[in-house]
Amino acid sequence: MSNGCFVMKCGGSTLAALPDAFFLDLKKLQDAGTIPVIVHGGGPAISDTLGKLGIETEFVNGLRKTNEAVLDVVEMVLSGQINKEIVRKIQKCGAKAIGLSGVDGGLIAAKPVANAHEVGLVGDVTHVRAEIVHGIVQMGYMPVIAPVGLGDSAQRYNINADTAAGAVASHLGVERMIVVTDVPGIMDGEKRVLPVVTVADIERMIADGTIYGGMIPKVRAAIQCIQGEVREVVIVDGSEPEVLSRVLGGERIGTRIQR
């Protein structure tokens, strides 16, 4: 892994539900000099807050239609509430973390997605300032990154957390990324976890109905992480004991999605 760090992607609601043991595992890795770089989402909490504020929200092909009013809430929930909740949980277990968003220091540069006319202020990552992440890691802290990016004229963009995580991993030169979810991996028709699948296998399994329902966005999200330098993504269940240490130690756990 690059400079003793690895990249982990996790949904905000998944992270909030994880047991203290998961965060103690993060501390153990940090103490051993393998520092996690965490990129988190927060879709359900954003939808919940938008609902409370009476702001309409809709999705187009899995991307939240985003205008300035929605973006205010996205930034408030992602960079504020969820980011700080994760930092607090990590620090409660005795580990060290610094929370930031892609806006801070110009960490994540973005441009409008190709279908911006349909989805509004949703961004694709054009650059990640890896030196900021390396600086935080060298100080011995875990970076916890909220996926809001900055474009021309300091325009903010809502960035899909999986896209952001893949870009961060790629710019850090990391070949493997860990996606922490609430499922043990990708299952076949008999509900057995598949140890290794390719991107082509996944597309076939979605087409024939083996992968269905809520698992489709999860695997599509994992595929989005395979970009640039990233060659494989491991999907694991965060409630498994010492799951990160086991993956990094080479244990075959969860599902590895390979290019």
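Please refer to the structure higher up on the page.
Here the structure is a predicted model, which is why all the values come from computation and not from measurement.

Quick look at the side chain of Asn83
Piece 1. Residue placement: Asn83 occurs in helix H4 (residues 68-92).
Piece 2. A relative accessible area of 0% means that Asn83 is categorised as buried.
Piece 3. Within polar-contact distance, the side chain of Asn83 engages the side chain of Lys84 at 2.9 Å.
Piece 4. Every residue in contact with Asn83, bar those within four places of it in the chain, is listed here: His40, Val77, Leu78, Gly99, Leu100, Val144, Ile145 and Ala146.

Re helix H3 (residues 43-53)
Piece 1. Within H3, the full set of buried residues consists of Ala45, Ile46, Thr49 and Leu50. Across the axial projection of H3, the buried residues extend over an arc of 135 degrees, all falling on one side. Turned more than 90 degrees from where H3 packs its buried face, Pro44, Gly51 and Lys52 sit exposed.
Piece 2. Contacts from the buried residues of H3 go to strand S4 (63-64) and H4.
Piece 3. Just past H3, the residue Gly54 takes up positive phi, approximately 70 degrees.

A few points about the nonpolar core
Piece 1. The biggest cluster of nonpolar side chains holds 84 residues, and the ones touching the most others in it are Met8, Phe22, Ile90, Ile186 and Leu244.
Piece 2. The biggest single contributor to this core is H4, with 10 residues.
Piece 3. Among all residues touching Ile186, those that are not within four sequence positions of it are Arg192, Val193, Leu194, Val197, Ile202, Met205, Ile211, Met215, Val219, Ile235, Thr255 and Ile257.
Piece 4. Counting five residues, the second-largest nonpolar core is a separate cluster that includes Val60, Leu63, Val113 and Val122.

A closer look at the packing of aromatic side chains
Piece 1. Enumeration over the complete set of coordinates arrives at one aromatic pair.
Piece 2. Pairing Phe22 with Phe23 gives two aromatic rings, centres 5.6 Å apart and planes at 85 degrees, and the pair type is edge-to-face.
Piece 3. A cation over a ring is seen here: Lys96 above Tyr141, with NZ or CZ 4.7 Å from the ring centre.

A look at the environment of Asp72
Piece 1. The topology assignment puts Asp72 in helix H4.
Piece 2. Taking relative accessible area as the criterion, Asp72 reaches 43% and is therefore assigned partly exposed.
Piece 3. Counting along the chain gives 86 residues from Asp72 to Asn158, while the straight-line C-alpha distance between them is 9.9 Å.

A word on unusual backbone geometry
Piece 1. The phi dihedral of Ser153 falls on the positive side, at around 55 degrees, and the residue is not glycine.
Piece 2. The class of Ser153 is exposed, set by a relative accessible area of 77%.
Piece 3. The backbone phi angle of Glu242 is positive, close to 45 degrees, even though this residue is not glycine.
Piece 4. Mapped onto the fold, Glu242 is located in the loop between strand S13 (232-237) and helix H10 (243-248).
Piece 5. The exposure class of Glu242 is partly exposed, given its relative accessible area of 42%.

Considering the pairing of strand S8 (residues 142-146)
Piece 1. Of all the five residues making up S8, five are buried; the element is thus mostly covered by neighbouring parts of the structure.
Piece 2. The alternating pattern of S8 places Met142, Val144 and Ala146 on one face and Pro143 and Ile145 on the opposite face, and all of these are buried.
Piece 3. The sheet contact formed by strand S2 (residues 35-40) and S8 spans two bridges and is parallel. From the neighbouring strand, Ile38 faces S8, where its bridge partner is Val144.
Piece 4. In this structure, strand S5 (residues 97-101) lies alongside S8, joined through five bridges in parallel fashion. By the bridge assignment for S8, Ser101 is matched with Ala146.

Rules of the game
- Residues numbered from 1 in each chain as written.
- Predicted model: local features only at pLDDT ≥ 70, side-chain atom pairs only at ≥ 80, totals over all residues.
- Heavy atoms only, no water.
- Helix = DSSP H or I, 4+ residues; strand = E, 2+ residues; numbered from the N terminus.
- Buried < 20%, exposed > 50% of the residue type's maximum accessible area, 1.4 Å probe, protein only.
- Polar contact = N/O pair within 3.5 Å; in protein donor to acceptor, adjacent residues only side chain to side chain.
- Contact = heavy atoms within 4.5 Å.
- Arc of directions from axis to C-beta.
- Core = buried A, V, L, I, M, F, W, Y, C linked by side-chain atoms within 4.5 Å.
- Phe/Tyr/Trp six-rings, centres within 6.5 Å; stacked < 30°, edge-to-face > 60°.
- Lys NZ or Arg CZ within 6 Å of the ring centre and 35° of its normal.
- Pairing = 2+ DSSP bridges.

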